[in-house]
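Summary of structural features
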Amino acid sequence: MNFSLAIHRSVHPPSLPNLLDHKPFKPQLPRCFYFDRFSSSSSSSSSSFSTSSRIAILKDACRLRSCVLVRAGGSARDTRGYVSDGEEEVLRTPGFVEFITSERVKVVAMLALALALCNADRVVMSVAIVPLSLANGWRQSFAGVVQSSFLWGYLISPIAGGTLVDYYGGKRVMAWGVALWSLATFLTPWAAETSLLALLAMRVLLGIAEGVALPCMNNMIARWFPQAERSRAVGLAMAGFQLGSAIGLTLSPILMSQGGIFGPFVIFGLSGFLWVLVWLSATSSSPDRSPQISRYELEYIQGKKRKSFDQENKMKKAKVIPPFRRLLSKLPTWALIVANAMHSWGFFVILSWMPIYFKTIYHVDLRQAAWFSAVPWSMMALLGYFAGVVSDTLVQSGVSVTITRKIMQSIGFMGPGIALIGLTMAKRPSTASAWLTLAVGLKSFSHCGFLVNLQEIAPQYSGVLHGMSNTAGTLAAIVGTVGAGFFVELVGSFRGFLLLTSLLYFCSALFWNLFATGERVDFGETG
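Right, let's walk through the structure included here. Nothing here was measured: the structure is a model prediction, and the numbers come from that model.

Calculation rules
- Residues numbered from 1 in each chain as written.
- Predicted model: local features only at pLDDT ≥ 70, side-chain atom pairs only at ≥ 80, totals over all residues.
- Heavy atoms only, no water.
- Helix = DSSP H or I, 4+ residues; strand = E, 2+ residues; numbered from the N terminus.
- Buried < 20%, exposed > 50% of the residue type's maximum accessible area, 1.4 Å probe, protein only.
- Contact = heavy atoms within 4.5 Å.
- Expected span 1.5 Å × (residues − 1).
- Arc of directions from axis to C-beta.
- 1 Å grid on protein atoms, 1.4 Å probe; cavity = no way out; pocket = protein on both sides within 12 Å on 5 of 7 lines; lining within 4 Å.
- Points joined across faces, edges and corners; volume = space filled by probe spheres on them.
- Phe/Tyr/Trp six-rings, centres within 6.5 Å; stacked < 30°, edge-to-face > 60°.
- Lys NZ or Arg CZ within 6 Å of the ring centre and 35° of its normal.
- Axes fitted to C-alpha atoms, helices over the stretch in contact; angles between N-to-C directions.
- Parallel < 35°, antiparallel > 145°, perpendicular 65-115°, else oblique.
- Left-handed = near helix turned anticlockwise from the far one by under 90°.
- Nonpolar A, V, L, I, M, F, W, Y, C, P; charged D, E, K, R; others polar.
- Polar contact = N/O pair within 3.5 Å; in protein donor to acceptor, adjacent residues only side chain to side chain.
- Salt bridge = Lys/Arg side-chain N within 4 Å of Asp/Glu carboxyl O.
- Bend = angle between axes of the 7 residues up to and from the residue.
- Patch = residues over 30% accessible without salt bridge, like charges linked within 9 Å, V, L, I, M, F, W, Y side chains within 5 Å.
- Areas by Shrake-Rupley, 256 points an atom, 1.4 Å probe, with all protein chains shown as cover.
- Core = buried A, V, L, I, M, F, W, Y, C linked by side-chain atoms within 4.5 Å.

This part covers the overall build of the protein chain. Within the protein chain one finds 19 helices and four strands. Within the span of the protein chain, comprising 527 residues, buried residues form 53% of the whole. Across the protein chain, the fraction of contacts at a sequence separation of at least 24, relative to all contacts at a separation of at least 6, is 82%.

For helix 19 (residues 494–515), which comprises 22 residues, the first-to-last C-alpha distance of 32 Å matches the rise-based estimate of 32 Å (1.5 Å per residue) to within 8%. All of the buried residues in helix 19 are Phe494, Phe497, Leu498, Thr501, Ser502, Tyr505, Ser508, Ala509 and Trp512. Seen from one end, helix 19 has its buried residues packed into an arc of 145°, which puts them on one side. Exposed and facing more than 90 degrees away from the buried side of helix 19 are Leu510 and Leu514. Contacts made by the buried residues of helix 19 are with helix 13 (331–361), helix 15 (401–425), helix 16 (429–443), helix 17 (450–457) and helix 18 (462–491).

If a probe as big as a water molecule is rolled over the atoms, it shows which places are left empty. Under the definition given, this model contains three cavities of 30 Å³ or more. Of the pockets and cavities examined, the largest cavity occupies roughly 220 Å³. Taken together, 18 residues make up the lining of the largest cavity; nearest its centre are Tyr154, Leu214, Phe241, His343 and Ser344. If you list the elements that add at least two residues to the lining of the largest cavity, you get helix 8 (230–259), helix 13, helix 17 and helix 18. Tallying contributions element by element places helix 13 first for the lining of the largest cavity, with five residues.

In this section: the packing of aromatic side chains. All chains considered together, the criterion is met by 16 aromatic pairs. Ring centres of Tyr357 and Phe358 lie 5.9 Å apart, and the angle between their planes is 75°; on these two criteria the pair is classed as edge-to-face. The two residues Tyr357 and Phe358 agree in class, both being buried. Following the ring pairs from residue to residue traces out a cluster consisting of Tyr357, Phe358, Tyr362 and Phe494. Across the ring face of Tyr154, the terminal group of Arg122 is positioned such that the distance to the ring centre comes to 5.1 Å.

What follows deals with the packing of helix 18 against helix 19. As a packed pair, helix 18 and helix 19 sit with axes 9 Å apart at the nearest point and diverge in direction by 140°. Here helix 19 runs oblique to helix 18, going by the angle between their axes. Considering the relative orientation of helix 18 and helix 19, their crossing is right-handed. Taken together, the residues of helix 19 that come into contact with helix 18 (itself represented by Gly480, Gly483, Ala484, Phe487 and Val488) are Phe494, Gly496, Phe497 and Leu500. Residue classes in the contact of helix 18 with helix 19 are distributed as six nonpolar, three polar and no charged.

As for its placement among the helices and strands, Arg203 is situated in helix 6 (residues 196–210). With sequence-adjacent residues up to four places away left out, Arg203 is seen in contact with Asp121, Arg122, Met125, Val146, Gln147, Ser149 and Phe150.

Another point: the side chain of Ser157. One can find Ser157 in helix 4 (residues 140–168). Within polar-contact distance, the side chain of Ser157 engages the backbone oxygen of Ile208 at 3.0 Å. Sequence-distant contacts of Ser157, that is, excluding residues within four places in its chain, are made with Gly207, Ile208 and Gly211.

Throughout the structure, instances matching the rule amount to seven salt bridges. Its salt-bridge partner being Arg104, residue Glu297 comes within 3.1 Å of it at the nearest N-O pair. Of the two residues, Glu297 is situated in helix 10 (residues 295–304) and Arg104 in helix 3 (residues 103–136); the sequence distance between them amounts to 193 residues. One exposure class covers both Glu297 and Arg104, and it is buried. Among the ionic pairs, Glu299 bridges to Arg295, the shortest N-O distance being 3.2 Å. Pair noted here: Glu299 and Arg295 are both in helix 10, with a separation of four residues, about one helical turn. For Arg295, a relative accessible area of 61% gives the class exposed.

To continue, consider helix 18. Counted at 1.5 Å a residue, the expected span for helix 18 with its 30 residues is 44 Å, and the 41 Å between its end C-alpha atoms agrees. Of all bends in helix 18, the biggest is about 30°, found at Gly483. Taken from the residues just after helix 18, Gly492 is the one with a positive phi, measuring 80°.

Moving on, we get to a nonpolar patch on the surface. A cluster of nonpolar side chains, contributed by Ile321, Phe324, Leu328, Leu331 and Trp334, occupies part of the molecular surface with about 470 Å² of accessible area. Contributions of two or more residues to the nonpolar patch are made by helix 12 (324–328) and helix 13.

The next point concerns the nonpolar core. The biggest cluster of nonpolar side chains holds 116 residues, and the ones touching the most others in it are Met217, Ile221 and Trp275. Per-element accounting of this core gives the leading share, 17 residues, to helix 3. With near-sequence residues (within four places) excluded, Met217 lies in contact with Leu111, Leu115, Met174, Val234, Ala237, Met238 and Leu451. Formed by six residues, the second largest nonpolar core is a distinct cluster that contains Met408, Leu442, Phe445 and Cys448.

Moving on to the environment of Gly248. Among the secondary structure elements, Gly248 is positioned in helix 8. A C-alpha to C-alpha distance of 4.3 Å links Gly248 and Ala120, two positions 128 residues apart in sequence. In contact with Gly248, not counting residues within four places along its chain, are Ala120, Val123 and Phe268.

This is the structure in structure tokens:
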């Protein structure tokens, strides 16, 4: 049980010299008491002083937090270092070495590996679909159905998965998610040789299982990282997600040449099972349950958080069914939904149609170009971490969370919008490639916008909010990917569709800046 007792008293000494000549009192405190800091101020013109002592009793130990001497007429709140009720003690910010060797970075590294496997398992089919189509005599349209079957499962799972994450926590749900999608990946060779229905079922299962990945990532980062470090943590985790594309696209042909068409499915599936074993044995669901965490790191994480996650978790468990109507009644929720939808639209349009665009306009086959497999997604991973560092630095320097999120999201939308316009105007494939890489890289700034914002506006409903916005993103991905084909057939211009996408980026940035907020939104909770 944690509580604090504040004692305020006024002392009126007869004169300043008597006060200064008085022998200081040095209390003999028991071992459980210690001083964090002591500051004092005096003035020759002042004749009365006020002392403020704050005593905090934490669990079974007692701590004298601060003893501050200030001028009469002033307040202990006016002194630097005073800690008001409901706030936490100011702790030293860890250095770079302390940060990268901390327990919380080990957790985010495991999350990055999980997201890398998530994306690698997702994109391996885009490489294997060509030999599978030749072996089974599939037409190109039917091959598209096989690839899109992943989205069928991914469309239905994020909301349910987000609700499970809010109720059971990220560690347990992530373990089940990785185990199931690794099983689906591992069994894909058997399913392909058994029947078409079995193959489609495995792809749907893959989509269902992977729908919980991002909500789990957000949940674990909220538990392990204070707000001033969350953008950097999300940048590290999403760097793994983007590198998963590069890993899947570059390693799959190599593994196929050595182990046949189904080599990548077996290797990536087994890697997922190994990850689950390490995840369950080496990580904890929250810092206070970790046996490896140092006392300093635990105090730093808990001291930087404004509210106890345990209290929020009790609120979550009290309501198994999320209040969807109240969530959808707030404009900040719609700002998140629109941002995720636009982010997914641009991502899947670039992933699906840029090879065809370059082949049609510049007569370059990007599926055989190494840079397309690695450079754009590696650039996205690199800039994503850079964006996280910049975002955290802004928050730590005093810029409001709302302004920071709007800056990051504006770069994440306006940047790709401008880059796509440059792509349509490029005369040479090398110039177009540079614009494409820039568009993909700048998209990563969105991770420090809407993706971090989920925990800020509704920490108790972040999982279901993530699921709702992910579902909208999946719908947008389907509409954008399919709609691009119909648009090109009707209008006869790839450039026109890219300009349309650019316009949508600008409109989404405007909507975000009008209605997004970095403050917690009141959804009418009680208790």
